[in-house]
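Geometric and topological summary
Residues per chain, in single letters:
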Amino acid sequence: MTDPSLETHWLLRDGDAVHSLRAGLSEIGRSASVAVPIDDQLASRRHAQLDVSATAVRIRDLGSRNGVLVRGAKLAEGQWAQLADADQILIGTTRLVLLKERKRGRKVTAVHRPVPSDVRKEVEGAATGSAAPYETFLSEANRASARGDVDRLVVACELLLDTLGGALHQGLPGDAPAVASAVNHSLFLAGLYGSAWINRIFGLYLAGLIVMPIDVLGRIEALSRERGLPDHETLNAYVSAIRPKLEAQGPRGLALLRQLERVRRLSTPPDGL
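Here the structure is a predicted model, which means the values were calculated and not measured.

1. Remarks on the environment of R46
By secondary structure assignment, the location of R46 is in the loop between strand 4 (36-37) and strand 5 (48-52). Given a relative accessible area of 40%, R46 falls into the partly exposed group. Between the alpha carbons of R46 and D61 there is a distance of 9.2 Å; along the sequence they are 15 residues apart. Once residues within four sequence positions are removed from consideration, R46 is found in contact with E27, I28, S31, S33, V34 and L62.

Here it is in structure tokens:
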């Protein structure tokens with residue numbers, strides 16, 4: 001018999017808001033009485049219906065004015081569409097993302113969703129003018145986040161972290177606001193796509209030998225417990241490099257070091273490889 005505590009639990013993310021989905025039928029729409037209310041004038045009061053079970057989620061259009069797009073394709077009215085982890089649903093201007101999690105355990109879910117090449121070219125071509133490249137890509141990431149455009153956010157953050165890492169090597173202060181913004185965007189993407197983005201965050205802090213803020217480390221520890229950290233090399237390199245700086249900070253630094261060690265234990269494979 002399957003342990004009920006290990007059953008799949010489904011979430012629906014709307015920007016910073018996350019809705020927990022119950023088993024059975026539920027609705028998405030502009031009405032305050034539906035299970036997933038969205039604040040979007042282009043949405044109908046009862047726009048779409050979800051059918052949720054422990055193993056699957058389906059969605060259909062309830063005859064809305066503006067339709068439902070799943071993975072970029074518009075559904076026919078009444079047509080059920082099967083959803084998968086990290087699928088995107090567009091209702092009006094609202095982009096919803098389906099997430100799958102486990103209530104217990106450390107199963108790693110690695111999700112790779114290729115970004116359309118035209119989006120990548122457009123974002124890469126944005127780094128023109130007098131602004132530093134990382135500033136340009138940060139602006140692109142902020143705009144993509146505000147619009148709920150996850151594809152564009154992925155590309156902008158990849159380029160942002162690459163260029164920001166180079167700027168840190170050249171002397172950009174580790175407490176620059178761009179660093180905190182880049183990490184916040186990356187933590188959001190780690191919640192969607194898993195450990196690769198957590199490793200990128202450690203790589204950024206390693207590039208500048210930056211002491212990781214306690215709130216960021218707490219969020220990373222929570223994500224690590226949910227999604228796993230299969231690639232532990234970046235984390236090991238960061239802990240080794242930052243250890244002398246933390247040990248010199250006394251009790252506060254040692255507490256942070258102990259928390260880093262907890263995260264490292266989560267990331268180390270059981271066989272020690």
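2. Comments concerning the packing of aromatic side chains
Counted according to the given criterion, the structure contains 2 aromatic pairs. Consider the rings of F202 and Y238, whose centres lie 5.7 Å apart with planes at 50°: the pair is tilted. One end of the pair, F202, is in helix 5 (residues 195-207); the other, Y238, is in helix 7 (residues 233-247), with 36 residues separating them in the sequence. For F202, a relative accessible area of 0% puts it in the buried group. Taking relative accessible area as the criterion, Y238 reaches 1% and is therefore assigned buried. Consider the rings of Y205 and Y238, whose centres lie 6.5 Å apart with planes at 55°: the pair is tilted. Placement of Y205 in helix 5 and of Y238 in helix 7 is noted, with a sequence separation of 33 residues between them. The rings of F202, Y205 and Y238 are connected pair by pair, giving a single aromatic cluster. Just above the ring of W80 sits the side chain of R58; from NZ or CZ to the centre is 4.2 Å. One Lys or Arg, R200, reaches over the ring of W197 and ends 5.2 Å from the middle of that ring.

3. Some points on the sheet that holds strand 4
Sheet strands pair by backbone hydrogen bonding; their relative direction is either parallel or antiparallel. Here we have 5 strands laid out as an open sheet, ordered 4-3-5-6-9, and mixed in their pairing. Each end of this open sheet is capped by a strand with a single partner; those strands are strand 4 and strand 9 (81-83). Of the strand pairs in this sheet, strand 6 (residues 57-61) and strand 9 are connected by 3 bridges, and their pairing is antiparallel. Bridge pairing in strand 9 links V57 to L83.

Rules and cut-offs
Residues numbered from 1 in each chain as written. Predicted model: local features only at pLDDT ≥ 70, side-chain atom pairs only at ≥ 80, totals over all residues. Heavy atoms only, no water. Helix = DSSP H or I, 4+ residues; strand = E, 2+ residues; numbered from the N terminus. Buried < 20%, exposed > 50% of the residue type's maximum accessible area, 1.4 Å probe, protein only. Contact = heavy atoms within 4.5 Å. Phe/Tyr/Trp six-rings, centres within 6.5 Å; stacked < 30°, edge-to-face > 60°. Lys NZ or Arg CZ within 6 Å of the ring centre and 35° of its normal. Pairing = 2+ DSSP bridges.

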